[in-house]
Amino acid sequence: MRTLDRRRWVLTASVVLAVVAVAALLILVAGADPLVGIRGLVEGISSSPYRIGEVFVGAVPIGIVALTLIPALRAGVFSVGAEGQIVIGAIAATGAIFAVDQLFGGAAPGPVLWITGFVAGAVGGGVTALIPAFLAVRWRVNEILSTLLLNYLAAGFLGWTLRTWLATGEQTATPQSARLPDAAVLPLLVPGTRAHWGVLLVLVIGAALFVWRRSRSSARLTVFATRPKLALRLGATRTQVVYSTMLLSGVGAGVVGWIQVAGVNNRLLNSVSGGVGFSGIAVALLGSLTPIGIILAALFFSALTAGAVGMQSATGTVPASIAEVIKGVLLIGVACIAAYQRHPLAALAPAGAPTAADDGGGGAPPVEPAGEATAGTLVEAEHERGRA
């Protein structure tokens, strides 16, 4: 195992162990036995097929958001707009599903409605992501600030939507849309649980990104994050990188909006995003920007929420909301890792990627893994072309 990979896993394991220690301390402060609380947490996850299914239900949206953030974070484009993109994607998917079903006279087949929701959600999230991308390219507006502010605009638009054109005709305590047609609901993966076929989408995206990480385009993004001028010579312009990476993350978030509507709630609610967008950033960094690491981190993140109910039942004094406190500690841990590494995105880059310290040349070239197109490979190719 390479030294950089070993360091990634050591840092990640340290954060996980720190979270477990803090959870035990919080349980102790609440007046309960930490061992009883942690056992209740584990039983709350594994006590029944339904509870296991809940872990997958929670991990799917977080995992998709985190996976589709990989290219952007590798390129140093830090977007925090997934929350708003999920909302707009959910609105677009819900409206499109109702419209298409009405065209079919209320008898639209399931696959048609699934494709409609998927495409509409992806378009809604992608278009929303292109707005801050345009601002960043055209006027150099900081993407963190613009995406964060767009989250509030999306939330306001959702509230207006649920009071007007997508409002249900039923008398409800909270604003919501009408229930989706039964054919539009994602089928269950395991009967008796809420786990749906969206789980397979996570695996497909993870496999695609696993292959992509070994490509030249992935290496170019790594070079862009550390040496933009060299990346320009390799064909990676700032406009291209910002637009492409933010579009991909927006499409992923928009698809999550559709999944939350069609696979979990079966209607559009004010809480459709549920903090998934922010959790996805933490999971992406905790998973070291690798598909396998992100999938494992998403399962761990979801397990905290799913198991908190079991902890409350086992102790009788520890509230289920302790899961949110533990997640907060986890976010702090991820932030500490980023600060410790000084340049987190460069530190998470593949071995062989040049850093700012390499500008002057010198030293032995890094050993590159066989079969993987790394930044070092691209640099060497560029030098050969220059000599020619």
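Residues numbered from 1 in each chain as written. Predicted model: local features only at pLDDT ≥ 70, side-chain atom pairs only at ≥ 80, totals over all residues. Heavy atoms only, no water.

## Some remarks on the overall build of the protein
Helix and strand counts for the protein stand at 16 helices and zero strands. Taking all 388 residues of the protein together, the buried fraction comes to 51%. Long-range contacts, defined here as pairs at least 24 residues apart, represent 77% of the contacts in the protein between residues at least 6 apart. For the protein, the computed accessible surface area is about 17,700 Å², with 68% contributed by carbon and sulfur atoms. (Helix = DSSP H or I, 4+ residues; strand = E, 2+ residues; numbered from the N terminus. Buried < 20%, exposed > 50% of the residue type's maximum accessible area, 1.4 Å probe, protein only. Contact = heavy atoms within 4.5 Å. Areas by Shrake-Rupley, 256 points an atom, 1.4 Å probe, with all protein chains shown as cover.)

## Notes on the packing of aromatic side chains
With the rule as written, the count across this model stands at three aromatic pairs. Between Phe 157 and Trp 160, the ring centres sit 5.8 Å apart and the planes meet at 25°, which makes this aromatic pair stacked. On the criterion of helical spacing, the pair formed by Phe 157 and Trp 160 is a turn pair, its members being three residues apart in helix 7 (residues 143–163). Residue classification places Phe 157 among the partly exposed residues on the basis of a relative accessible area of 35%. Trp 160 gets classed as partly exposed once you look at its relative accessible area, which sits at 42%. (Phe/Tyr/Trp six-rings, centres within 6.5 Å; stacked < 30°, edge-to-face > 60°.)

## Focus: the packing of helix 3 (residues 49–68) against helix 12 (residues 276–286)
Remark: helix 3 packs on helix 12, axes separated minimally by 8 Å, with the N-to-C direction vectors making an angle of 60°. Looking at the two axes, helix 3 sits oblique to helix 12. Our pair here, helix 3 against helix 12, has a crossing hand that is right-handed. Of the residues in helix 12, those touching helix 3 at Pro 61, Ile 62, Val 65 and Ala 66 are Val 276, Gly 277, Ser 279, Gly 280, Val 283 and Ala 284. (Axes fitted to C-alpha atoms, helices over the stretch in contact; angles between N-to-C directions. Parallel < 35°, antiparallel > 145°, perpendicular 65-115°, else oblique. Left-handed = near helix turned anticlockwise from the far one by under 90°.)

## Let's talk about helix 12
For helix 12, a buried count of nine out of eleven residues is recorded, marking the element as mostly surrounded by other parts of the structure. Of the positions making up helix 12, those classed as buried are Val 276, Gly 277, Ser 279, Gly 280, Ile 281, Ala 282, Val 283, Ala 284 and Leu 286. A positive phi of about 60° marks Ser 288, the residue just after helix 12.

## Focus: the nonpolar core
Formed by 82 residues in total, the largest nonpolar core has its most connected members in Trp 258, Leu 268 and Val 283. The leading source of residues in this core is helix 11 (residues 238–265), at ten residues. (Core = buried A, V, L, I, M, F, W, Y, C linked by side-chain atoms within 4.5 Å.)

## What to know about the pattern of salt bridges
On inspection of all chains with the given rule, the structure shows one salt bridge. Two residues, Glu 54 and Arg 194, come together in a salt bridge whose shortest N-O distance is 2.8 Å. Here Arg 194 lies in the loop between helix 7 and helix 8 (198–212) and Glu 54 lies in helix 3, a separation of 140 residues in the sequence. Under the relative-accessibility criterion, Glu 54 is labelled buried at 14%. (Salt bridge = Lys/Arg side-chain N within 4 Å of Asp/Glu carboxyl O.)

## Quick notes on the packing of helix 2 (residues 34–46) against helix 3
Angle between the axes and distance between the axes: these two values describe a pair of packed helices. Two elements in contact, helix 2 and helix 3, have axes separated by 5 Å at closest approach and are oriented at 90°. Regarding the angle of helix 2 to helix 3, the classification is roughly perpendicular. On the side of helix 2, the interface is formed by Gly 44, Ile 45 and Ser 46, while helix 3 contributes Arg 51, Ile 52 and Val 55. Grouping the constituent residues of the contact of helix 2 with helix 3 by class yields three nonpolar, two polar and one charged. (Nonpolar A, V, L, I, M, F, W, Y, C, P; charged D, E, K, R; others polar.)

## A word on the side chain of Gln 176
Structurally, Gln 176 can be placed in the loop between helix 7 and helix 8. When near neighbours in sequence (up to four residues on either side) are disregarded, Gln 176 contacts Leu 162, Leu 166, Ala 167, Thr 168, Arg 267, Leu 268 and Leu 269.

## Observations concerning unusual backbone geometry
Generally, phi is negative for residues other than glycine and the peptide bonds are trans, each holding for most cases. For Arg 140, which is not glycine, the phi dihedral falls at a positive 60°. Positionally, Arg 140 belongs in the loop between helix 6 (110–139) and helix 7. For Leu 289, which is not glycine, the phi torsion reads 60° and is therefore positive. The topology assignment puts Leu 289 in the loop between helix 12 and helix 13 (291–315).

## Regarding the confidence of the model for the protein
Residues of the protein with pLDDT of at least 70 account for 85%, and the chain-wide mean is 85. Considering each helix and strand of the protein separately, the mean pLDDT is smallest for helix 15 (residues 344–347), with a value of 42, and largest for helix 5 (residues 82–103), with 98. Below pLDDT 50 for its whole length, residues 342–372 participates in 52 contacts with residues either more than four positions away or in separate chains. In this model, residues 379–388 is a region of pLDDT below 50 whose contacts with residues beyond four sequence positions or in other chains number six contacts. (pLDDT = per-residue confidence, 0-100.)

## Let's talk about the environment of Arg 220
Looking at the secondary structure, you find Arg 220 in helix 9 (residues 216–226). As for Arg 220 and Ala 236, which are separated by 16 residues in sequence, their C-alpha atoms are 6.4 Å apart.

## Some details on the environment of Ser 146
Positionally, Ser 146 belongs in helix 7. On the basis of relative accessibility, which here comes to 7%, the residue Ser 146 falls in the buried class. Sequence separation of Ser 146 and Ile 131 is 15 residues, and the distance between their C-alpha atoms is 8.7 Å. Apart from the residues lying within four places of it in its own chain, the contact partners of Ser 146 are Pro 132, Leu 135 and Val 141. Here the side chain of Ser 146 touches Glu 143 through a polar contact of 3.3 Å, landing on its backbone oxygen. (Polar contact = N/O pair within 3.5 Å; in protein donor to acceptor, adjacent residues only side chain to side chain.)

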